[in-house]
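Coordinates in review
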Amino acid sequence: MYPYNIRKPDKSDPVGRLIMSADAATVAEMLIDAINDEARDHEKYLAVSEVMEEPEDAEIIRSIAFDEYKHKRIFEEIYKILTGKMPSVPVQAKNAEVTAENLSEVLTDSFFGELEGVEMYRELMFAFDNTDIRDMIFEVITDEQAHADILNYIMGKMQKSE
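Now for a quick tour of the structure. (Residues numbered from 1 in each chain as written. Predicted model: local features only at pLDDT ≥ 70, side-chain atom pairs only at ≥ 80, totals over all residues. Heavy atoms only, no water.)

1. Looking at the environment of phenylalanine 138
Under the convention used in this document: Strands are runs of DSSP state E lasting at least 2 residues, helices are runs of H or I lasting at least 4, and numbering of each runs from the N terminus. Only protein chains enter the accessibility calculation, which uses a 1.4 Å probe; a residue whose area is less than 20% of its type maximum is buried, one above 50% is exposed, and one in between is partly exposed.
On the secondary structure map, phenylalanine 138 appears in helix H4 (residues 131-161). With a relative accessible area of 48%, phenylalanine 138 lands in the partly exposed category. Considering only alpha carbons, one finds phenylalanine 138 and valine 118, 20 residues apart in sequence, at a separation of 9.4 Å.

2. Some points on the packing of aromatic side chains
Short version of the rule: Pairing of aromatic side chains requires ring centres within 6.5 Å, counting the rings of Phe and Tyr and the six-membered ring of Trp. Pairs whose planes differ by under 30 degrees are stacked, by over 60 edge-to-face, and all others tilted. The rule for a charge over a ring is simple: NZ of Lys or CZ of Arg within 6 Å of the ring centre, and within 35 degrees of the ring normal.
Using the criterion set out here, one finds two aromatic pairs in the structure. Between phenylalanine 75 and tyrosine 121 the ring centres are 4.9 Å apart and the planes differ by 45 degrees, which places this aromatic pair in the tilted class. Note that phenylalanine 75 is positioned in helix H2 (residues 55-83) and tyrosine 121 in helix H3 (residues 103-125), a separation of 46 residues in sequence. The exposure classification of phenylalanine 75 matches that of tyrosine 121, with both residues buried. Residues phenylalanine 111 and phenylalanine 112 carry aromatic rings whose centres are separated by 5.0 Å and whose planes lie at 80 degrees to one another, so their mutual orientation is edge-to-face. Overall, the relative accessible area of 15% leaves phenylalanine 111 in the buried class. Residue placement shows lysine 44 over the ring face of tyrosine 45; its charged tip is 5.0 Å from the ring centre.

3. Description of the pattern of salt bridges
How we decide: For this analysis, a salt bridge means a side-chain nitrogen from Lys or Arg found within 4 Å of a carboxyl oxygen belonging to Asp or Glu.
For the coordinates displayed, the defined rule picks out nine salt bridges. The residue lysine 157 makes a salt bridge to aspartate 57 at a minimum N-O spacing of 2.9 Å. Within this pair, whereas lysine 157 is found in helix H4, its partner aspartate 57 is found in helix H2, the two being separated by 100 residues in sequence. Its relative accessible area of 32% is what places lysine 157 among the partly exposed residues. For aspartate 57, a relative accessible area of 5% gives the class buried. Between lysine 70 and aspartate 143 there is a salt bridge, with the nearest N and O atoms lying 2.9 Å from each other. Of this pair, lysine 70 sits in helix H2 while aspartate 143 is found in helix H4, placing the two residues 73 residues apart along the sequence. For the residue pair lysine 70 and aspartate 143, the accessibility class agrees, reading buried in each case. The network of salt bridges with common partners includes Lys70, Glu139 and Asp143.

That is the geometry; function is a separate question.
The structure is reproduced here in structure tokens:
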């Protein structure tokens, strides 16, 4: 996946010395959780963008949705590097329906969800010794932090207009 070029692991070492502080099975489970979270967030933000009143805000939320899809793909790629196969991710439950009435609650939950994601992804990042993979996860972390900032801005805007 762009723009990363991960070197192939040494054949004598199946995980290519990717794992530093955790076992491969634990990290693989964390990656599956991350893939599920990002897939759900992608769907949720698309739904949120549909109920936003301001077209500019809807477009911003849509861009967050596309970032979440990119994150899902990054974690799938890392999983494949780690395990040698693409993840088989079970179908997750759908997000609650987003309406104009519960939009504020959805945005608040999303704000805290983005911050929780940063914490989880930081732990995941430090499980890897490979700097290319760390860079991939760092990109996700910085996007998640930016998403929290954007959500905070939009929530503040909505409160002023009430």
